[in-house]
Structures are given as structure tokens and as C-alpha cells.
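Below are the chains, spelled out letter by letter.
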Amino acid sequence: MNTLKAPSRYLAGSAVSCPRPRLKKPCHRLLEPIVCQASSGSTPLASSDDPQSSQSNIITSQAPAIFQALDRLKAPKWLFRTVACIILGGQVVTRIFKGKVHWKNTADQLKLVGPNSLGVSLLTSGFVGMVFTIQFVREFTKLGLTRSVGGVLALALSRELTPVVTAIIIAGRVGSAFAAELGTMQVSEQMDSLRVLNTDPVDYLVTPRVLASMIAGPILNVLCFAMGIGASVLLADLVYNVPANVILDSARRALTAYDVGTSMVKSWVFGTIVSTISCAWGFTTSGGAKGVGESTTSAVVISLVSIFIVDFALSYLFFQGQGDALKQLK
């Protein structure tokens with residue numbers, strides 16, 4: 001475990017690993033746990049027998065330089081949270097590369113992100129596949145391109161639909177749970193209890209959740225893609241009299257390893273983004289039960305917006321220029 005060490009003046013015979021910082025303004029107190037993590041080993045505050053001095057000097061002596069600048073500029077709450085999210089993400093990446101991972105918690109979170117989310121993900125992907133089958137078969141049949149339906153469906157599902165739909169399910173089901181759970185722990189001061197026990201909350205709570213999302217995201221994506229193709233084949237065969245072998249052969253000829261690889265990369269990136277944002281928003285919750293609800297809602301909304309923005313960036317990076325996938329279907 002990576003533990004945080006407090007200056008000796010704060011120990012006073014106890015196991016407290018980090019002083020509880022109090023930033024100048026109520027909205028800035030969102031950053032108390034992040035400041036406590038990022039400022040380990042920094043210059044200590046004023047002595048505990050001078051609380052007014054300690055509170056007034058927290059920005060200049062405890063918080064990182066970027067927080068000092070944001071405080072001077074009276075930055076809005078969302079900017080503070082964005083900076084906190086970036087810092088927390090960097091801490092998680094550092095811990096993963098150093099091998100400082102709580103594996104038992106990671107296994108528990110992997111069960112939540114993976115098997116517990118599989119049912120709703122497969123159900124959603126199946127209906128998405130059938131909806132697009134209706135549209136494609138209806139139009140392609142008029143053009144005499146029935147044999148191209150499978151290839152177009154496979155490309156649409158693998159490149160865009162399945163990664164995005166899976167990420168939306170994770171954001172709505174898992175991301176909200178992460179934000180609510182960590183937010184409740186923050187407002188009820190359970191984070192402080194972990195520090196009293198010399199346990200780093202980032203190691204114990206955040207890293208397992210982010211790592212579980214990194215692992216489960218691509219796996220869910222593959223299973224959802226298979227479900228989408230299967231539902232498309234079933235509907236095309238039963239309703240539109242397009243043989244299953246026609247759909248599958250067209251999909252096989254159009255789909256390449258590059259398409260599968262980019263789909264996996266997208267799912268991995270989306271899972272990382274959703275879990276990091278959700279944990280950061282929960283980690284910076286304040287204001288009791290009302291604050292937990294606001295943080296949970298905000299985490300889901302920001303995660304969804306981030307998914308679509310990053311999806312555009314990755315699609316432009318991976319698929320810019322003219323493609324030749326459909327030439328294989330002639």
C-alpha cells in the first residue's frame with residue numbers, strides 16, 4: 001500500500017496520515033482529498049494551535065501550484081473538478097505502472113463492471129443491431145445490394161455503434177454507482193477514516209475501479225458486437241428472407257483486423273474516461289446528500305459528453321480518408 005505521511009506535528013501519537021486541509025471557499029473544499037493526495041511531502045501548514053493561520057495559508061503552503069492559481073483567479077467549480085480529475089487520473093496511471101493495485105478490490109469491481117453489466121449491454125446491443133437491420137435491408141433491397149447488408153452492418157457495429165453503446169451503458173450503470181459510492185464516502189468522512197488507518201484512498205478505492213473498467217470495457221464490446229450481429233442475422237432471415245449465410249459472408253469479407261482493433265481501443269479509452277470522471281466527481285463531493293446527488297448526475301452527464309467528443313476524435317484519427325472496405329463486397 002502506498003501510504004501518506006504527515007508531518008510529525010500532526011501525528012500527536014495517532015496514525016493520521018494526512019492533515020485535513022480546509023480551502024478558503026466552500027466550493028474549493030471539493031479539492032480537499034485531491035490536495036491531501038497531491039501535497040504529500042510538501043511544506044507543512046502552520047501549527048495546529050493556530051487554526052486561523054492554517055486555514056488562511058492552505059493554498060500557499062499545501063495545495064499544488066495549479067490550485068493556487070485557480071484559487072487566486074476564483075475559478076468556477078467545474079474547472080476545479082476538471083483539474084482534480086486530471087490529477088487523479090495521473091495518480092491512477094502511476095500506481096498501475098508501479099504495480100500498487102489492490103487486487104481483491106479490483107476483482108470485486110470487475111464483477112460489477114463486467115458480469116453484472118453484461119445482461120443490459122447485450123439486450124441493448126441486440127435491439128440496436130435489429131433497428132439498423134431494418135433500415136439497411138429496406139433501402140439496400142431497393143438498390144439490389146442485399147448481399148452488402150451484412151458488411152455494412154458489421155462495419156457500423158464494430159467501428160461506432162458497439163463501442164459507444166457499451167460505453168453509454170457503463171456510464172449510466174457503473175459510472176453513476178462509482179460517483180455515488182465515493183461521494184457518500186467523502187461526505188460521511190470515510191475517506192478520512194482510511195487515512196487514519198494509513199490507507200491511501202486512491203490505491204484502495206479509485207485504482208481498482210479504473211483498472212476494472214479498462215479490462216471489462218473491451219470484453220463487453222466484443223460480446224455486444226457478437227450479439228448485435230446475431231440479432232441482425234435472425235431478423236434478416238425471419239422477416240426479410242435474407243439468408244443468414246449471406247449476412248455472415250458479407251460481414252466476414254468486409255470486416256478486417258484493423259476494424260476489430262480500433263473497436264477494442266475505443267472501448268478501452270471510453271471505459272477509462274468514464275471510470276476516471278466518475279471517481280473524480282465522487283472524490284470531490286461536498287454538501288451532504290444533496291451534493292452526492294448532484295455529483296452523480298454531473299458525473300454521468302460529463303461522461304456521456306466526453307464519450308461522444310472522444311469518439312469523434314478517435315474516428316477522425318482512425319478512419320480519415322477514403323475507405324475501401326465495401327469494395328470487397330462486389
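Residues numbered from 1 in each chain as written. Predicted model: local features only at pLDDT ≥ 70, side-chain atom pairs only at ≥ 80, totals over all residues. Heavy atoms only, no water.

K.L.:
So what's going on with the overall build of the protein chain? Residues and values would help.
P.N.:
Per the secondary structure count, the protein chain includes 14 helices and zero strands. Element order for the protein chain, N to C, with α for helix and β for strand: α-α-α-α-α-α-α-α-α-α-α-α-α-α. Looking at the protein chain residue by residue over its 330 residues, the buried ones come to 49%. Carbon and sulfur atoms make up 65% of the accessible area of the protein chain, which amounts to about 15500 Å² in all. (Helix = DSSP H or I, 4+ residues; strand = E, 2+ residues; numbered from the N terminus. Buried < 20%, exposed > 50% of the residue type's maximum accessible area, 1.4 Å probe, protein only. Areas by Shrake-Rupley, 256 points an atom, 1.4 Å probe, with all protein chains shown as cover.)

K.L.:
Which residues make up the state of the cysteines, and what are the values?
P.N.:
Throughout the structure, instances matching the rule amount to zero disulfides. Cysteine Cys 85 is unpaired, with the sulfur of Cys 279 as its nearest cysteine sulfur at 9.2 Å. We classify Cys 85 as buried; its relative accessible area is 12%. Accessibility expressed as a relative area gives 0% for Cys 279, which makes it buried. (Disulfide = S-S within 2.5 Å.)

K.L.:
Account for a nonpolar patch on the surface, with residues named and values stated.
P.N.:
A surface patch of nonpolar side chains, about 460 Å² in accessible area, is lined by Ile 134, Leu 234, Leu 238, Val 239 and Tyr 240. At three residues, the largest contribution of residues to the nonpolar patch is made by helix 11 (residues 201–239). As for its position among the elements, Leu 238 is in helix 11. Since its relative accessible area comes to 61%, Leu 238 is described here as exposed. (Patch = residues over 30% accessible without salt bridge, like charges linked within 9 Å, V, L, I, M, F, W, Y side chains within 5 Å. Salt bridge = Lys/Arg side-chain N within 4 Å of Asp/Glu carboxyl O.)

K.L.:
For the packing of helix 7 (residues 103–113) against helix 9 (residues 149–187), give the residues involved together with the corresponding values.
P.N.:
In contact at an axis separation of 10 Å, helix 7 and helix 9 are set at 140 degrees when each is read in the N-to-C sense. It follows that helix 7 is oblique to helix 9 by the angle criterion. Touching Gln 109, Leu 112 and Val 113 of helix 7 are Arg 173, Val 174 and Phe 178, all from helix 9. Broken down by class, the residue content of the contact of helix 7 with helix 9 amounts to four nonpolar, one polar and one charged. (Axes fitted to C-alpha atoms, helices over the stretch in contact; angles between N-to-C directions. Parallel < 35°, antiparallel > 145°, perpendicular 65-115°, else oblique. Contact = heavy atoms within 4.5 Å. Nonpolar A, V, L, I, M, F, W, Y, C, P; charged D, E, K, R; others polar.)

K.L.:
Provide a residue-level description of the side chain of Thr 166, including the pertinent values.
P.N.:
Mapped onto the fold, Thr 166 is located in helix 9. Side-chain polar atoms of Thr 166 contact the backbone oxygen of Thr 162, separated by 2.7 Å. Discounting chain neighbours no more than four positions away, the residues touching Thr 166 are Gly 217, Leu 220, Asn 221 and Cys 224. (Polar contact = N/O pair within 3.5 Å; in protein donor to acceptor, adjacent residues only side chain to side chain.)

K.L.:
Please give an account of the nonpolar core that cites residues and values.
P.N.:
In terms of nonpolar packing, the biggest core is built from 38 residues, with Leu 88, Leu 182 and Val 206 touching the most fellow members. Of all the secondary-structure elements, those providing two or more residues to this core are helix 6 (77–98), helix 9, helix 10 (190–196), helix 11, helix 13 (257–283) and helix 14 (288–319). (Core = buried A, V, L, I, M, F, W, Y, C linked by side-chain atoms within 4.5 Å.)

K.L.:
Can you tell me about the confidence of the model for the protein chain, naming the residues and giving the values?
P.N.:
Considering every residue of the protein chain, the mean pLDDT works out to 80; 77% of them sit at 70 or more. Looking over the protein chain, one finds the lowest element-wise mean pLDDT in helix 1 (residues 8–11), namely 34, and the highest in helix 13, namely 94. Counting contacts from residues 1–30, a segment whose pLDDT is below 50, to residues more than four positions away or on other chains yields 76 contacts. Overall, residues 39–62 carries pLDDT values under 50, and its contacts beyond four positions in sequence, including any with other chains, amount to 42 contacts. (pLDDT = per-residue confidence, 0-100.)

K.L.:
So, the packing of helix 9 against helix 14: which residues are in play, and what are the values?
P.N.:
Viewed as axis vectors pointing N to C, helix 9 and helix 14 meet at an angle of 150 degrees, and their least axial separation amounts to 8 Å. Judged by the angle between their axes, helix 9 and helix 14 are roughly antiparallel. The crossing of helix 9 and helix 14 is right-handed. Residue composition of the contact of helix 9 with helix 14, by class: 14 nonpolar, eight polar and three charged. (Left-handed = near helix turned anticlockwise from the far one by under 90°.)

K.L.:
Break down the packing of aromatic side chains for me, with residues and values.
P.N.:
Throughout the structure, instances matching the rule amount to five aromatic pairs. By way of ring pairs, the aromatic residues Phe 132, Phe 136 and Phe 140 are connected into one cluster. (Phe/Tyr/Trp six-rings, centres within 6.5 Å; stacked < 30°, edge-to-face > 60°.)

K.L.:
Tell me about helix 12 (residues 244–254), residues and numbers included.
P.N.:
Within helix 12, the full set of buried residues consists of Val 246, Ile 247, Ser 250, Ala 251 and Ala 254. The buried residues of helix 12 occupy one face: seen down the axis, they fall within an arc of 125 degrees. Exposed and facing more than 90 degrees away from the buried side of helix 12 are Asn 245 and Arg 252. For helix 12, the secondary structure elements touched by its buried residues are helix 9, helix 11 and helix 13. (Arc of directions from axis to C-beta.)

K.L.:
Explain unusual backbone geometry residue by residue, including any values.
P.N.:
The backbone of Glu 189 shows a phi angle near 65 degrees, a positive value even though the residue is not glycine. The backbone of Asn 198 sits at a positive phi, close to 60 degrees, despite the residue not being glycine. Secondary-structure assignment places Asn 198 in the loop between helix 10 and helix 11. The partly exposed category is assigned to Asn 198, whose relative accessible area is 30%.

K.L.:
Which residues make up the pattern of salt bridges, and what values go with them?
P.N.:
If charged atoms from side chains of opposite charge come close, those side chains can pair. Tallied over the full model, the rule gives 11 salt bridges. Among the salt bridges present, the one from Arg 159 reaches Asp 259, with a minimum N-O distance of 2.9 Å. One end of the pair, Arg 159, is in helix 9; the other, Asp 259, is in helix 13, with 100 residues separating them in the sequence. A relative accessible area of 24% places Arg 159 in the partly exposed class. Between Lys 266 and Glu 160 there is a salt bridge, with its nearest N and O atoms 2.9 Å apart. Highlighted residues: Lys 266 in helix 13 and Glu 160 in helix 9, separated in sequence by 106 residues. Residue Lys 266 is classed as buried on the basis of its relative accessible area, which comes to 0%.

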